[in-house]
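So you can see what is in the structure, the chains are spelled out below.
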Amino acid sequence: MASTWKKSAGWLGTLVLAVTMVACGGTPPPEPAPEPEPEPQVEEQAVDEAAERARLEEEARRRREDEEQRRREAERNRVLSIIAERVHFDFDKSDIRPDAEEVLQRKVVVLREYAGVSFRIEGHCDERGSNEYNLALGQRRAEAVRRYLVSYGLDASRFTTISYGEERPAMRASNEDAWAQNRRAEFNVTRYGQLGN
Amino acid sequence: MASTVVLILFDSPNMSPTNGQMHYGARNPLTAIAMPAIVLAFLGPATAAAQVPVRDSIPTDVRVGILYQPSFRPGIVMPLVPAPQGLREVADSARRIILRDLDYSDRLQVMPVGEDVPIEGPINYGLWDELEAVWLLVGAVEGTPDQPVLRLSLHDVVFRLLQEVRAFELPPLAHPGFRHALHTAADAVVRWATSSAGIATTRIAYVAEGPGGSEIYVVDSDGFGARRLSSDSSIALSPAWSPTGDRIAFMSYKNGDPAIYEIDADGGRSVLSVDLPGMDLTPTYTPDGTRLGFAATIDGRTEVYTYDLVRNCCPERATFARYANSLSPTFAPDGRRFAFNSDRLGQLHVFVQGMNNGSAELITPYIYDRSVHNAGPDWSPTGDRIAFHGWVGGEPQIFTVAPDGRGLRQLTQRGRNEDPSWAPDGRHIIFASTRDGATGLWVLDVVSGRIRRLVSAAGARLPDWSGRLDSASQLTSGAAVGSESNNR
């Protein structure tokens, strides 16, 4: 009893194998196999036509997909670059300047559209204040940005804040230009939502 | 002792005196020179400080200067004593280390002495008196290279008597505790001669750039044995010694959310100490070591908290200022008050507050100027002064002030000078400075004005001076053999 079951199982196994081999044979180019294998060659003709159709369909689909992908990528880049855009601050201040407000307004628009996107707001300072005070100042800057975004009805849980004080300058120099560059908030996406990572 | 310090003022060379706000009345160099003489002639040192309108301002267009009254430093000689074969190297090292420590104490004047001066036989007090030495230190090394013994005898040359004698058992030359044992001996000599303890058995923790970010480092008081303690490859800041000197608290970003960690003073892994929601920063121990003072962000601002280290719980808020930041606490030696940094007046200032009393008192001068920035307070272990850095013409300089806001003194002039920390003797201050072009840590003797560089390393900053590390456990916790490089 057990041995016959085993035998039939063996038959079934080979059958399944053959079927899958045929099915898989559709995708590769229908060139005659270098080694003559009589049995599969009989079905090659039928497979050829089906494969051709499938190939064309696949190509069209892939083209559409590529286009969609490109569009999505462009949109994704647009959104990410808007999110990544830094805002800058005046010396020893955490007020949102008019130029920073413009930048943040652009963020509000895309954040409303992409509700699944979350990010971390990083506050930074120039090197002039004390190392320790700058940690507090950077935090205040990050919080000011967060409050601004939340005031436009965006969910507060989408934003986390961290301060790096003067520890991560964007520009390593000791002049007005570098200081202005370094007094900033940066944005680091933590959840991409419908943007896909 | 004539350790008087007098404030003098003189015009900044690049400033017009006409538009200057002159708070101190000294308009030209002549009066500036004449002033201390007058003050010295008619007023005692205590009233001299009171004459200055101290709470007025840190003028931005006037340089506040300091005149260090060269106080009398008794001369000390330590002649070369012939050592037995096999102990010569030990004797040489011992003498070098002790002489440097005596010099760095700034309480004694180390006098050079020729190698040919005979030391055998009875002490020739007349000879040393002629050299104008007040103290004669004779150090004889005995025993074996494995167990050397240093016998120090201190002679009072003026009164021609033996003041003290004591034998110090030393570890072998290559042992990590060798230098520490000699620092202990040097501190004993300073105490015998001046009845004030030295600072040789202390270390300084600081921040410098490591291979993967800023890390915590430690160096001996004489600049030797600099070594990295943390290896978090992250951002480590604000080291603070525990009162017993066995641990250092610091702030680190190593787990993303900035929190307070503690690390053994002889290295190893740092362990999480305090992690409230948000950022935790600027730790400091209470003088009894039972609690940690620190700052933490709450609702986007920063407030000072304490944390119970014994029960490992119970953060308690100590400052209450809506819409402002309070940070960098530092405790008075009795632990009843603390100074801290706050921008509650729209400028950064130092305040003092009682531990059980919510009212904070401003101790740094308020002036209507955007460039006011007083930060990094450190309460002296002797209790009488608080050091901090304040901006003068946009550059931070080291100041000290009494805890009631009187007697403001500026101690530095050149380069950027930041984040002062007191030595346990209450007269030496270490701070970060760019005075020689690069960043480094410098030690200033507030009494004599002597200044020396201790560490020059990339990004060396935020120094914290330990208490005296005399306990036996500290003996073995020195630098690993071979890593003892002079860092200067």
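Anything mentioned here points back to the structure above.
The shown structure was predicted, so the numbers you read here are calculated from the model rather than taken from an experiment.

The rules behind these values
- Residues numbered from 1 in each chain as written.
- Chains lettered and ligands numbered in written order.
- Predicted model: local features only at pLDDT ≥ 70, side-chain atom pairs only at ≥ 80, totals over all residues.
- Heavy atoms only, no water.
- Pairing = 2+ DSSP bridges.
- Helix = DSSP H or I, 4+ residues; strand = E, 2+ residues; numbered from the N terminus.
- Axes fitted to C-alpha atoms, helices over the stretch in contact; angles between N-to-C directions.
- Polar contact = N/O pair within 3.5 Å; in protein donor to acceptor, adjacent residues only side chain to side chain.
- Contact = heavy atoms within 4.5 Å.
- Buried area = accessible area lost by both parts, 1.4 Å probe.
- Salt bridge = Lys/Arg side-chain N within 4 Å of Asp/Glu carboxyl O.
- Nonpolar A, V, L, I, M, F, W, Y, C, P; charged D, E, K, R; others polar.
- Expected span 1.5 Å × (residues − 1).
- Buried < 20%, exposed > 50% of the residue type's maximum accessible area, 1.4 Å probe, protein only.
- Core = buried A, V, L, I, M, F, W, Y, C linked by side-chain atoms within 4.5 Å.
- Disulfide = S-S within 2.5 Å.

A. Representation of the sheet that holds strand β11 (residues 236-241) of chain B in the model. All names here are of chain B. Spatially, β11-β12-β13-β14 is the arrangement adopted by the four strands of the open sheet, whose pairing is antiparallel. Both edges of this open sheet fall to β11 and β14 (271-274), since each of them pairs with a single strand only. The sheet shows a mean angle of 35° between the axes of neighbouring strands, taken without regard to direction. Looking at chain direction, strand β13 (residues 259-264) and β14 are connected through three bridges and run antiparallel. The residue bridging I260 from the neighbouring strand is V274, located in β14.

B. How the structure looks around the side chain of R227(B). Examined against the element boundaries, R227(B) turns out to sit in strand β10 (residues 227-228). One polar contact links the side chain of R227(B) to the main-chain carbonyl oxygen of G225(B), over a distance of 2.4 Å.

C. Looking closely at the interface of chain B and chain A. Facing the 27 residues of chain B at the interface are 19 residues of chain A. Across the chain B to chain A interface the summed buried area is about 2100 Å²; carbon plus sulfur atoms make up 56%. Applying the counting criterion to the chain B and chain A interface returns two salt bridges. Between D343(B) and R140(A) there is a salt bridge, with the nearest N and O atoms lying 2.5 Å from each other. Here chain B and chain A share nine residue pairs in polar contact (both at pLDDT 80 or more) between them. Sorting the residues of the side of chain B that touches chain A by element identifies β11, β15 (280-285), β19 (326-331), β24 (386-392) and β31 (461-465) of chain B as the ones contributing at least two each. When grouped by side-chain class, the residues that make up the side of chain B that touches chain A number twelve nonpolar, ten polar and five charged.

D. Structural view of helix α3 (residues 88-105) of chain B. Residues and elements named next belong to chain B. Taking 1.5 Å of rise per residue, the 18 residues of α3 would be expected to cover 26 Å, and the 26 Å separating its terminal C-alpha atoms lies within 8% of that figure. Inspection of α3 places V90, A91, S93, A94, I97, I98, L99, R100, D101, L102, Y104 and S105 among the buried residues, and these make up the whole buried set. Two residues or fewer past α3, D106 is found with a positive phi of approximately 60°.

E. Representation of the nonpolar core within the structure. By size, the foremost hydrophobic cluster in this structure holds 32 residues, and its most contacted members are I98(B), L137(B) and L152(B). Contributing elements (two or more residues each) for this core: α3, β5 (135-143), β6 (148-156) and α5 (178-194) of chain B. Sort the elements by how many residues they give to this core and α5(B) lands first, with ten residues. By size, the runner-up hydrophobic cluster in this structure holds 31 residues, among which are Y133(A), A205(B), I235(B) and I248(B).

F. Spotlight on the pattern of salt bridges. All names here are of chain A. Taken as a whole and assessed by the stated rule, the structure comprises 38 salt bridges over all chains. For R61, the salt bridge goes to E65, with nearest N and O atoms at 2.9 Å. With R61 and E65 both in helix α2 (residues 38-84), this residue pair falls four residues apart, about one helical turn. Residue classification places E65 among the partly exposed residues on the basis of a relative accessible area of 44%. With its nearest N and O atoms 3.0 Å apart, the salt bridge here joins E75 to R78. Taken as a pair, E75 and R78 lie in helix α2 at a separation of three residues, close to a single helical turn. Counted as one network, the salt bridges with shared partners bring together E52, R55, E59 and R63.

G. Main features of the state of the cysteines. Residue and element names in this part refer to chain B. If you walk through the whole model with that rule in mind, you get one disulfide over all chains. There is a disulfide in this structure between C313 and C314, and the S-S distance comes to 2.1 Å. Linking C313 and C314, the disulfide has an S-S dihedral of approximately -55° and is accordingly described as left-handed. Since its relative accessible area comes to 31%, C314 is described here as partly exposed.

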